[in-house]
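Read off the chains here:
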Amino acid sequence: MNTRPSLNGRTVLVTGGAGFIGSHLVDRLLVEGAAHVVVIDNLFLGSEANLADALASGKVTFYRDDAEIASSLDYIFERHDIDVVFNLATKALNYSFINPANAYDTNVKVALNLLELQRRGRFTTLCHFSTSEVYGTAVYEPMDEAHPRNPTTTYAAGKAAADLAVESWVRMFDLDAFIVRPFNNYGPRQNHQGLLAGVIPITAVRVLTGGQPEIHGDGTQSRDFIYVADTVDAVVKLFGVLPSGESVNISTDNQVSISELITRICAHYGYTGEIVRKAARPADVQCHNASNAKVNQLIAYQLTDFDTGLAQTLEWYRDRIGAR
Ligand SMILES: NC(=O)c1ccc[n+]([C@@H]2O[C@H](COP(=O)([O-])OP(=O)(O)OC[C@H]3O[C@@H](n4cnc5c(N)ncnc54)[C@H](O)[C@@H]3O)[C@@H](O)[C@H]2O)c1
């Protein structure tokens, strides 16, 4: 049974929409028939190139601005009659190691700005993106939605605070807002540059450009890697059915250790050189083995096989970076 009307014909705001998952979501919203998609992104990490196809549709308006600043959202809401907001704006987890306070702040402030706009009746539905990082290292496995929130980084603490904000605003003001909680996403368009790059892009780039892949710690730390198109597919389907105030994990049934992942990337590119061992990162979560029982009950959940998704991703980086 559908909880809310479809996205067809709606005007949608995506915060962080020039980023990795956000840009895939924008593409999918157009396929779903959204009348207009408005993106606010300060390009802290995202890029306008991620939106090239979407902008060419003529149905997307891009604002390079900061959703942490309430007045920047205010003028967008004055210009557009927005029905639905997907909140993805964030500054990557690794940023919290160099600027812990702002990594926390971004996650909290953007959520609060949106919740206050919604409380004032400026839009109908909020889909807020949480993260598996809010759970911290598993105290039981697989981690379901009732798992305690034990954030180990200020990034995750900000995301956990934003979750609690969404839940409390829903209880107090009867808003229509729900939380999706993806596990580790991978796929085309994930940032591959600088300190903030994720493990798959950074390893791909190192191998493609003649560098050496690295493993932090003993490499037994594991992650539940989900293909970005599967996350976006689940979010769009959940939009129709997830009750307000609820959260849901978006994950696979599989865990891949970092050692195994690096080995697979090396094998894909035919790299046989050294793998450099580095000290463990402080506050690195050891294990993220998720339960996807809830999402499976709610929607026709489709997951791309990891080998297929990883191969597509690694070929995307090869196309952009060249070599090997
Ligand atoms: N990638 C993952 O594995 C993963 C896993 C779990 C949850 N998530 C969540 O999904 C969402 C999207 O993540 P992503 O991987 O696409 O990250 P991303 O960094 O690619 O995208 C986030 C976007 O937010 C923008 N941004 C940062 N601060 C902003 C601000 N103040 N105002 C406007 N825009 C701002 C960035 O420029 C970037 O384009 C995030 O909320 C993240 O916590 C991601």
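Since we're looking at a predicted model, the values are computed, not measured.

Cut-offs and rules
Residues numbered from 1 in each chain as written. Predicted model: local features only at pLDDT ≥ 70, side-chain atom pairs only at ≥ 80, totals over all residues. Helix = DSSP H or I, 4+ residues; strand = E, 2+ residues; numbered from the N terminus. Contact = placed C-beta atoms within 7 Å. Domains from an automatic or database assignment. Nonpolar A, V, L, I, M, F, W, Y, C, P; charged D, E, K, R; others polar. Near = placed C-beta within 6 Å. Expected span 1.5 Å × (residues − 1). Buried ≥ 20, exposed ≤ 12 C-beta atoms within 10 Å, placed from the backbone. Core = buried A, V, L, I, M, F, W, Y, C linked by C-beta atoms within 7 Å. Pairing = 2+ DSSP bridges. Axes fitted to C-alpha atoms, helices over the stretch in contact; angles between N-to-C directions. Arc of directions from axis to C-beta. Right-handed = clockwise from strand over helix to strand, strands pointing away.

Visitor: Please provide a residue-by-residue account of the environment of Ala 177, values included.
Guide: In this fold, Ala 177 is placed in strand S6 (residues 176-182). Along the chain, Ala 177 and Glu 246 lie 69 residues apart, while their C-alpha atoms are 8.1 Å from each other. The residues touching Ala 177, leaving out its near neighbours within four places in the chain, are Gln 118, Leu 126, His 128, Val 166, Trp 169, Val 170 and Ser 244.

Visitor: Outline the domain arrangement of the protein chain, supporting the account with residue identities and numerical values.
Guide: By the assigned domains, the protein chain splits into domain 1 (11-186 + 226-250) and domain 2 (194-222 + 255-321). Facing 31 residues of domain 1, the contacting portion of domain 2 comprises 24 residues. When residues of the side of domain 1 that touches domain 2 are traced back to their parent elements, those giving at least two are strand S7 (184-186), helix H7 (228-241) and strand S11 (247-250). In terms of residue count, H7 provides more of the side of domain 1 that touches domain 2 than any other element does, seven residues in total. For the side of domain 1 that touches domain 2, the per-class residue count stands at 16 nonpolar, eight polar and seven charged.

Visitor: Could you give an account of unusual backbone geometry, naming the residues involved and the relevant values?
Guide: Cis geometry is adopted by the peptide bond preceding Pro 142, which originates at Glu 141 and carries an omega value of -10 degrees. Relative to the helices and strands, Pro 142 resides in the loop between strand S5 (125-129) and helix H5 (154-173). Although it is not a glycine, Asp 174 sits at a positive phi angle of roughly 55 degrees. Here Asp 174 shows up in the loop between H5 and S6. Its identity is not glycine, yet Arg 189 carries a phi of approximately 80 degrees, on the positive side.

Visitor: Before we move on, can you summarise the site of the ligand with the specific residues and values?
Guide: Every one of the 32 residues lining the ligand counts as a neighbour, but Gly 16, Gly 19, Phe 20, Gly 46 and Thr 131 are closest to it. Of all the secondary-structure elements, those providing two or more residues to the shell around the ligand are helix H1 (20-31), helix H4 (100-119) and S7. The dominant element in the shell around the ligand, judged by the number of residues it contributes, is H1, at three residues. Split by residue class, the shell around the ligand holds 14 nonpolar, 13 polar and five charged.

Visitor: Outline the environment of Phe 123, listing residues and values.
Guide: Mapping Phe 123 onto the fold places it in the loop between H4 and S5. Sequence separation between Phe 123 and Leu 175 is 52 residues; the distance between their C-alpha atoms is 9.9 Å. Look past the residues within four positions of Phe 123 in its chain and what remains in contact with it is Ile 82, Asp 83, Val 84, Val 85, Leu 117 and Gln 118.

Visitor: Any chance you could break down H5 for me, citing the residues and the numbers?
Guide: The end-to-end C-alpha distance of H5, which contains 20 residues, comes to 28 Å, matching closely the 28 Å that a straight helix rising 1.5 Å per residue would cover. Every buried residue belonging to H5 is among Thr 154, Tyr 155, Ala 156, Ala 157, Gly 158, Lys 159, Ala 160, Ala 162, Asp 163, Val 166, Trp 169 and Val 170, and all of these are buried. Tucked into the core, H5 has its buried residues touching H4, S5, S6 and S11. Immediately beyond the C-terminal end of H5, within one or two residues, lies Asp 174, with a positive phi of roughly 55 degrees.

Visitor: Hey, could you go over the nonpolar core for me, with residue numbers and the actual values?
Guide: Counting 87 residues, the largest nonpolar core has Val 12, Val 14, Val 26, Val 37 and Val 39 as its most contacted members. Of the residues forming this core, the biggest block, eight residues, is contributed by H5. No fewer than three residues from each of domain 1 (11-186 + 226-250) and domain 2 (194-222 + 255-321) sit in this core.

Visitor: Quick rundown of the sheet that holds S5? Include the residues and the values.
Guide: Strand order in the open sheet formed by seven strands is S3-S2-S1-S4-S5-S6-S11, with parallel pairing between adjacent strands. Two strands lie at the open edges of the sheet, namely strand S3 (60-63) and S11, each paired on one side alone. With strand direction ignored, the average angle separating the axes of adjacent strands in the sheet is 20 degrees. Bridge count for S5 against S6 is five bridges, and the pairing is parallel. Residue pairing in the sheet places Cys 127 in a bridge with Phe 178 of S6. Against the sheet, H5 touches S5, S6 and S11, its axis set at about 155 degrees to S6.

Visitor: Help me get a handle on helix H8 (residues 258-269), residues and values and all.
Guide: If you check H8, its first and last C-alpha atoms are 17 Å apart, about what twelve residues at 1.5 Å a residue would give, namely 16 Å. Among the residues of H8, those classed as buried are Ile 258, Leu 261, Ile 262 and Ile 265. The arc that holds the buried residues of H8, viewed along the axis, is 95 degrees, so those residues lie on one side. Summarising the contacts, the buried residues of H8 are in contact with helix H6 (199-208), strand S8 (214-216), strand S12 (256-257) and helix H10 (306-321). Positive phi shows up at Gly 270, right after H8, with a value of about 70 degrees.

Visitor: I'd like a rundown of the pairing of S6, residues and numbers included.
Guide: Judged by how many residues are buried, S6 sits mostly within the fold: six of seven residues are covered. Viewed along the sheet, the connection from S5 through H5 into S6 turns out right-handed. Relative to S11, S6 runs parallel, the two sharing four bridges. Bridge assignment links Arg 181 to a residue of S11, and that residue is Asn 249.

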